[in-house]
Amino acid sequence: MRDYLLFRASRALPCLYAYHEGMRRLRILAAALLLTFHVAATAAPEKVLRTFLSTGETGLDPAVASDIATLSVLENLFDPLLRYDYLARPVALRPNTAAAMPEADKDGLGFTVRIRPGLVFTPDPAFKGARREVTAADYVYSLKRLYDPALRSPWLFLFEGKIAGDAALKTAFSYDTSIAGLQALDRYTLRIRLTAADRNFLLYLATPASSVVAREVIEAYPGQAGNHPVGTGPFKLGTWKRSDTMVLLANRANTAPFDTTVKGDPLAASLQGKRLPLLDRVELRIAEEFQGRMLGFLGAEYDYLEQVPESLTGMVIEGGQLKPELAARGITLTRFPVLQTYYMWMNMEDPVVGGYGRARVALRRAIALSYNSGEDVHLLKKGFALRAESPLPPNVLGYDPAYRSPIQYNKALANALLERYGYTGRDADGFRRTPSGQPLTLTMHSEATITGRLRDEFWRKNLNAIGLRVAFKSDKKTEIIKASRLGKVQMFESNWIADFPDAENFYQVLYGPNSGRGNYARFNLPEFNRRFEQSRSITDSAARQRLYNEMNDLVHAYNPWVPLTHPISADLQHPWVKNYRRHPVELTTWRYLDIDAAAGSDASGDNIR
């Protein structure tokens with residue numbers, strides 16, 4: 001019996017061992033799972049900025065895009081050599097992909113730029129699995145793209161005729177054409193030589209249009225580069241549903257620690273030395289309707305709102321101040337003078353309103369005189385705008401605060417002018433006919449939004465008051481821009497926001513050779529063109545100011561534009577958005593922003609974002 005019991009015990013020992021070993025492993029596994037859950041629960045939540053684009057984006061190609069929505073994305077995906085100091089006022093440039101500020105030749109005609117080694121493009125199949133470093137030759141290629149006639153770049157005006165030898169790119173374009181003024185001396189050294197000194201040239205090197213792209217990517221997707229954005233910026237494209245949503249993901253491969261020349265600023269101290277971007281994601285929606293933007297912000301779907309729509313100001317502002325119930329939620333209101341001009345342009349090649357003869361000038365002048373700026377500023381803009389006296393907004397170099405437009409709201413004068421130059425005949429419904437007796441109908445394009453419809457009614461009232469019939473064509477802004485480039489739009493309200501803070505950037509939109517690019521009015525007046533060219537090369541500031549005022553007078557004499565307003569932006573932000581400070585030139589602040597999750601929770605601890 002004893003032997004039998006020993007035998008049974010010996011058979012049971014392995015089973016007992018296996019049982020205890022299994023339980024031990026289960027305890028280890030359970031502990032590991034608990035640790036995983038604990039780490040997941042205690043890890044910092046992803047920092048996500050939620051915001052919107054005001055219109056649908058066009059192709060994401062820095063050489064081609066010119067609308068604000070697309071440029072806002074591009075300045076986060078791509079990198080120019082230089083960038084503006086986030087906090088410096090007045091604005092100042094800093095190195096971006098450049099290792100230091102460009103070294104200028106003594107004659108002011110040449111610049112040597114050294115590029116930071118180790119910068120890489122975001123991965124793409126075009127690189128065939130290789131890590132693709134940025135070189136000086138990439139910047140040579142990228143700047144040459146602006147000359148490519150197939151692209152019709154709206155940014156060619158920045159460089160055309162200014163870089164030594166670039167005429168060779170205009171006569172027989174080829175990316176392989178070598179020009180003296182644009183050379184890669186070695187892997188990281190870029191050499192630029194100008195035909196004449198240009199005080200603004202370094203500002204051009206801070207625009208999205210001068211950002212670096214990789215030739216392999218452009219050639220891998222012929223004609224489709226805007227659908228495959230591959231850059232070096234602080235973010236990279238995550239997901240993209242055209243004209244609907246877009247997600248940008250942090251790209252920290254190239255960013256250097258934050259630095260600024262500003263001292264004594266608490267925000268500078270808070271950001272100093274931090275690697276950017278601080279956000280992990282930027283989630284973008286297209287929000288073309290002003291009401292949707294406002295409701296989205298108030299419902300915490302958007303983290304900040306720039307330029308409160310004037311038609312909805314009463315929802316958030318009372319007596320010039322933020323409503324108390326919104327202030328109690330930690331929302332803040334700031335006013336920001338935007339370097340921006342709103343204007344209504346008329347196509348100078350259009351058979352109805354275009355031309356330089358007296359009758360057509362009289363028609364455009366009458367239209368300009370019909371514009372009721374007081375009603376626009378005080379009733380439609382709710383006081384958050386200044387009347388535009390010229391194309392230049394305040395705080396742009398070259399702005400003259402003493403200059404006053406000779407064109408003021410005057411219905412009687414507008415009617416008298418039309419009568420004098422032959423617009424005397426009337427239809428049965430009372431509207432004027434052309435001097436030749438033909439029916440006259442103006443056609444104005446407008447955005448298919450609530451505000452667009454309000455602007456339609458505003459212009460209808462102004463123009464009907466002087467006997468002019470007007471019809472409106474509503475469409476998406478991106479479609480109107482496409483038609484404008486082709487010269488198929490007669491009249492349209494638009495705006496120009498500074499690419500760089502100098503008068504040249506605004507007057508070039510009226511420069512004849514830029515017709516069909518930024519110059520949608522197709523204004524091509526030799527007297528204006530000559531003064532514009534002189535102003536770019538002159539160094540005497542007083543003489544340049546005289547030229548600017550003469551250019552203003554010519555704009556008011558021929559009226560390709562009706563200058564409207566300069567906006568004073570009412571900006572709102574939720575308390576969880578940190579480091580926000582709107583920049584006068586750069587369109588976004590995303591790379592600098594942070595999200596405070598605690599500030600986005602209510603008293604019970606629930607996330608209200």
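Here, the structure is the one placed above.
What comes next concerns the included structure.

What counts and what doesn't
Residues numbered from 1 in each chain as written. Predicted model: local features only at pLDDT ≥ 70, side-chain atom pairs only at ≥ 80, totals over all residues. Heavy atoms only, no water. Helix = DSSP H or I, 4+ residues; strand = E, 2+ residues; numbered from the N terminus. Buried < 20%, exposed > 50% of the residue type's maximum accessible area, 1.4 Å probe, protein only. Polar contact = N/O pair within 3.5 Å; in protein donor to acceptor, adjacent residues only side chain to side chain. Contact = heavy atoms within 4.5 Å. 1 Å grid on protein atoms, 1.4 Å probe; cavity = no way out; pocket = protein on both sides within 12 Å on 5 of 7 lines; lining within 4 Å. Points joined across faces, edges and corners; volume = space filled by probe spheres on them. Nonpolar A, V, L, I, M, F, W, Y, C, P; charged D, E, K, R; others polar. Pairing = 2+ DSSP bridges. Axes fitted to C-alpha atoms, helices over the stretch in contact; angles between N-to-C directions. Parallel < 35°, antiparallel > 145°, perpendicular 65-115°, else oblique. Left-handed = near helix turned anticlockwise from the far one by under 90°. Salt bridge = Lys/Arg side-chain N within 4 Å of Asp/Glu carboxyl O.

Digging into the side chain of Thr434
In this structure, Thr434 sits in the loop between α12 (411–420) and β17 (441–447). By relative accessible area, Thr434 is classed as buried at 18%. Of the polar contacts made by the side chain of Thr434, one reaches the side chain of Ser436; its length is 3.0 Å. Apart from the residues lying within four places of it in its own chain, the contact partners of Thr434 are Gly422, Tyr423, Pro439 and Leu440.

Side note on the layout of surface pockets
Taken as a whole, the largest pocket spans an internal volume of roughly 870 Å³. If you go around the largest pocket, you meet 37 residues; those closest to its centre are Gly59, Asp61, Val64, Gly223 and Arg485. Only α3 (136–145), α6 (215–220) and α14 (477–485) provide two or more residues apiece to the lining of the largest pocket. If you tally residues by element for the lining of the largest pocket, the top one is α14, at five residues. Classifying every residue of the lining of the largest pocket by side-chain character gives 12 nonpolar, 11 polar and 14 charged. By volume, the second largest pocket is sized at about 470 Å³.

Comments concerning the pairing of strand β9 (residues 245–250)
Taken together, the six bridges between strand β8 (residues 235–241) and β9 define a ladder with antiparallel strand orientation. When the bridges of β9 are listed, Trp240 appears paired with Met246. Where β8 folds back on β9, the antiparallel hairpin that results is connected by three residues, among which Ser243 adopts a positive phi of roughly 55 degrees. Relative to strand β10 (residues 281–286), β9 runs antiparallel, the two being bridged by five bridges. Residue pairing across strands places Leu248 opposite Val282, the latter belonging to β10.

Some remarks on the packing of helix α11 (residues 373–380) against helix α13 (residues 450–464)
It is the contact of α11 with α13, at a shortest axis distance of 12 Å, that shows an interaxial angle of 150 degrees. It follows from the interaxial angle that α11 and α13 lie roughly antiparallel. As for how α11 packs across α13, the hand of that crossing is right-handed. Facing α11, whose interface residues are Glu375, Asp376 and Leu380, α13 presents Arg455, Phe458 and Lys461. Split into classes, the residues belonging to the contact of α11 with α13 amount to two nonpolar, no polar and four charged.

Topic: empty space enclosed by the protein
Under the definition given, this model contains four cavities of 30 Å³ or more. Here the second largest cavity is characterised by a volume of approximately 90 Å³. Looking at the second largest cavity, the residues that line it are Ala368, Tyr371, Arg387, Ala388, Ser405, Ile407, Gln408, Tyr409, His556, Asn559, Val562 and Pro563. Here the residues of the lining of the second largest cavity are counted per class, giving seven nonpolar, four polar and one charged.

Remarks on the sheet that holds β9
In space, the four strands of this open sheet follow the order β1-β10-β9-β8, with mixed pairing throughout. The sheet is open, and its two borders are formed by β1 (48–53) and β8, each paired with just one other strand. Sheet twist, expressed as the average angle between the axes of neighbouring strands with direction ignored, equals 20 degrees. Taken together, the six bridges between β1 and β10 define a ladder with parallel strand orientation. When the sheet's bridge partners are listed, Arg50 is paired in β10 with Glu283.

A short note on the pattern of salt bridges
Scanning the model with the defined rule gives 43 salt bridges in all. Close ionic contact of Asp594 with Lys47 constitutes a salt bridge, the shortest N to O distance being 2.9 Å. Residue Asp594 is found in strand β22 (residues 594–595), and its partner Lys47 is found in the loop between α1 (2–42) and β1; the two are separated by 547 residues along the sequence. What makes Lys47 partly exposed here is its relative accessible area of 28%. Arg460 is paired through a salt bridge with Glu457; the nearest N and O atoms lie 3.3 Å apart. In this pair, Arg460 and Glu457 are both assigned in helix α13, three residues apart and thus about one turn of the helix distant. Look at Glu457 and you get partly exposed, because its relative accessible area is 44%. Sharing partners across several salt bridges, the network here consists of Glu46, Arg50, Arg281 and Glu283.

Keep in mind these values describe shape, not function.
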